[in-house]
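Chain by chain, the residues:
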Amino acid sequence: MVRVVSGSAKGRPLKSVPGNGTRPTTDKVKEAIFSMIGPYFEGGAALDLFAGTGGLGIEALSRGMDSAVFVDMEQKSIDTIRANLKAAKLEEHAEVYRNDAGRALSALEKRGRVFDLVFLDPPYRMKHGDELMLTMVQKGLLRLGAVIMLEHESGYEYPENIPGFYRTRQAVYGETTVSIYEFEAAPLQEEESGKEGNDESAN
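Residues numbered from 1 in each chain as written. Predicted model: local features only at pLDDT ≥ 70, side-chain atom pairs only at ≥ 80, totals over all residues. Heavy atoms only, no water.

Undergrad: Help me get a handle on the overall build of the protein, residues and values and all.
TA: In terms of regular secondary structure, the protein is built from six helices and nine strands. The buried share of the protein, taken over its 203 residues, is 47%. The long-range fraction of contacts in the protein, counting pairs at least 24 apart against all pairs at least 6 apart in sequence, stands at 65%. Accessible area for the protein stands at about 10,300 Å²; split by element, carbon and sulfur atoms hold 47% of it. (Helix = DSSP H or I, 4+ residues; strand = E, 2+ residues; numbered from the N terminus. Buried < 20%, exposed > 50% of the residue type's maximum accessible area, 1.4 Å probe, protein only. Contact = heavy atoms within 4.5 Å. Areas by Shrake-Rupley, 256 points an atom, 1.4 Å probe, with all protein chains shown as cover.)

Undergrad: Just give me the short version of the environment of V17, but keep the residues and values in it.
TA: Tracing the sequence through the fold places V17 in the loop between β2 (13-14) and α1 (27-37). Considering only alpha carbons, one finds V17 and I78, 61 residues apart in sequence, at a separation of 9.0 Å.

Undergrad: Explain empty space enclosed by the protein to me, and be specific about the residues and the numbers.
TA: Over the atoms rolls a probe the size of a water molecule, and in doing so it shows where empty space is left. Within this structure, the stated rule accounts for one cavity of 30 Å³ or more. As a volume, the largest cavity reaches approximately 40 Å³. Looking at the largest cavity, the residues that line it are P122, P123, Y124, M126, K127, E151, H152, E153, Y156 and Y158. Residues of the lining of the largest cavity, tallied by class, amount to six nonpolar, one polar and three charged. (1 Å grid on protein atoms, 1.4 Å probe; cavity = no way out; pocket = protein on both sides within 12 Å on 5 of 7 lines; lining within 4 Å. Points joined across faces, edges and corners; volume = space filled by probe spheres on them. Nonpolar A, V, L, I, M, F, W, Y, C, P; charged D, E, K, R; others polar.)

Structure (structure tokens):
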């Protein structure tokens, strides 16, 4: 039984997504994640991009985040997230969208959304967490100092330094590795301003 570990909704049970397509973060790993990034928050906005059951975003809301956006491709996951938000009495603080990650980021950019905390827990077959982080920077979706939680297969290693980010913590739990990154700057701004003349002559 997966549950909310701490905060205002502590102990509330969370439903699993029907079938075998979703790999929910266990309570043990979830507790470890929040001990690394929190454990509690004084407001802010969270994004749970491969939300599954919604467990990570719900835990963030329970621990003090003001709002959270949940995104998943599967209708079964969307239904489960909505049910879990209702069970935790946190639905008023949440938005839930059925979309793929790339389109969701574009839609959030159009809405002018900016996030303080992002959960990236893509299926283990997908190895593009770093690309999604860079896309978020390009779209202006991250507040300076934003924290990114990237959960991935232990056999795969992401770079310690991704342009604009630095890894602050990493922990291994069996087949799962949790890497914590902090957003420190948009790395391309200075470069682009220096290249403007060249770009114009090329057009």
